[in-house]
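Observations on the model geometry
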Amino acid sequence: MIKDLLIVADAVGDAAGPYGVALARQLDAATSCLCLQPEGDRGLAEVRYDLVVSARDEALRTVREAAENLACAAEAAEVPALMETIHGAPDALRTQLLARARMHDLVVVEQPGLRHERPADAYVDDLLLGSGRPTLLVPTGWSEPARLDAVTVAWDGSAAAARALGDALPLLTRARRVGIVTVQTEAVAGVGESGDRLVRHLARHGIDAAYRTVFSAVTVVGHLIAEVAEAGSDLLVMGAYGHSRLREALLGGASRDALRQSGVPVLMSH
């Protein structure tokens, strides 16, 4: 069950908060929100102390206003919510963030921006690789209600894919359509049999899923995005898919750009 969500936000991004609150309402869950404000010290020796203090205070005021706005949204949605702003050196924030994430069922955060312009962007890598909890990434600019009518699950039989599937079960049970897709760049024996077993496993959880294998000459992630669009899915579930490491698949190179362009939230586990 998913009964306790953690929303990771800042004063710049505007997608994770509303989505997390709406999802918590659907799941009859409570939510906590951490609004982050890292403090840097680069170049402080050349800047007057009063200007540094003024800029810091203004940043804290802005992030606290963001937390208050989210608290109001949660109250309007009748979602129990605990709001907290944390600020400090990046390493200290990372330690606090991971400690809190490990005591929640699911972490909701906005997908990284193009140039890491938002404070929360710097911690997406840590959440995915170090929290031990599933992380749901909401596309930048996402304004649609949280929906779970149709879900696409990426499957390659790996431990990471199995972990993502297990973490997503509470969401899959609410979906009207669940599609499981294996994208192959070359033929692998036994894939169809594995898919049949997976469908049977989900049926025992009351989930009616359809499985298919597709062959693609393009990147695995690129084809998955096409599958999501064709199916009209509201969510993509995936682990460390294919032969790429998670850090490479999500946070670097062309695959990162492809995930950012997916157009739907992505639940990932590691």
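Further up the page is the structure itself.
Summarised in this report is the structure supplied together with it. (Residues numbered from 1 in each chain as written. Predicted model: local features only at pLDDT ≥ 70, side-chain atom pairs only at ≥ 80, totals over all residues. Heavy atoms only, no water.)

1. What to know about the state of the cysteines
Heads up, the rule is: Note that a disulfide, as used here, is simply two cysteine sulfur atoms within 2.5 Å. Buried means the residue's accessible area, taken with a 1.4 Å probe over protein chains only, is under 20% of the maximum for its type, while exposed means over 50%, and partly exposed covers the values in between.
A complete count under the given rule lists zero disulfides for this structure. Cys 35 provides the cysteine sulfur closest to Cys 33, a residue in no disulfide bond, and the two sulfurs are 3.9 Å apart. Look at Cys 33 and you get buried, because its relative accessible area is 1%.

2. Quick word on the pairing of strand β4 (residues 106-110)
Formally: Secondary structure follows DSSP: runs of H or I at least 4 residues long count as helices, runs of E at least 2 residues long count as strands, and numbering of each begins at the N terminus. Note on pairing: two strands pair once DSSP finds at least 2 bridges between them.
Extensive coverage of β4 is indicated by the burial of five of its five residues. The alternating pattern of β4 places Leu 106, Val 108 and Glu 110 and Val 107 and Val 109 on opposite faces, both of which are buried. In the sheet, strand β1 (residues 4-9) pairs with β4 via four bridges, with the strands oriented parallel. Directly across from Ile 7, in β4, lies its bridge partner Val 108.

3. Some thoughts on the nonpolar core
The cut-off we apply is this: Side-chain atoms within 4.5 Å link the members of a nonpolar core, which is a set of buried Ala, Val, Leu, Ile, Met, Phe, Trp, Tyr and Cys residues. Contacts are assigned to residue pairs with any non-hydrogen atoms lying within 4.5 Å of each other.
Of all hydrophobic cores here, the largest spans 48 residues; its most connected members are Leu 5, Leu 23, Val 108, Leu 136 and Leu 172. Top contributing element to this core by residue count: helix α5 (residues 159-172), with seven residues. If near-sequence neighbours (up to four positions away) are discounted, Leu 136 is found in contact with Tyr 19, Leu 23, Leu 106, Val 107, Val 108, Val 109, Leu 235, Pro 265, Val 266 and Leu 267. With 31 residues, the next largest nonpolar core counts Leu 98, Ala 120, Val 181 and Met 268 among its residues.

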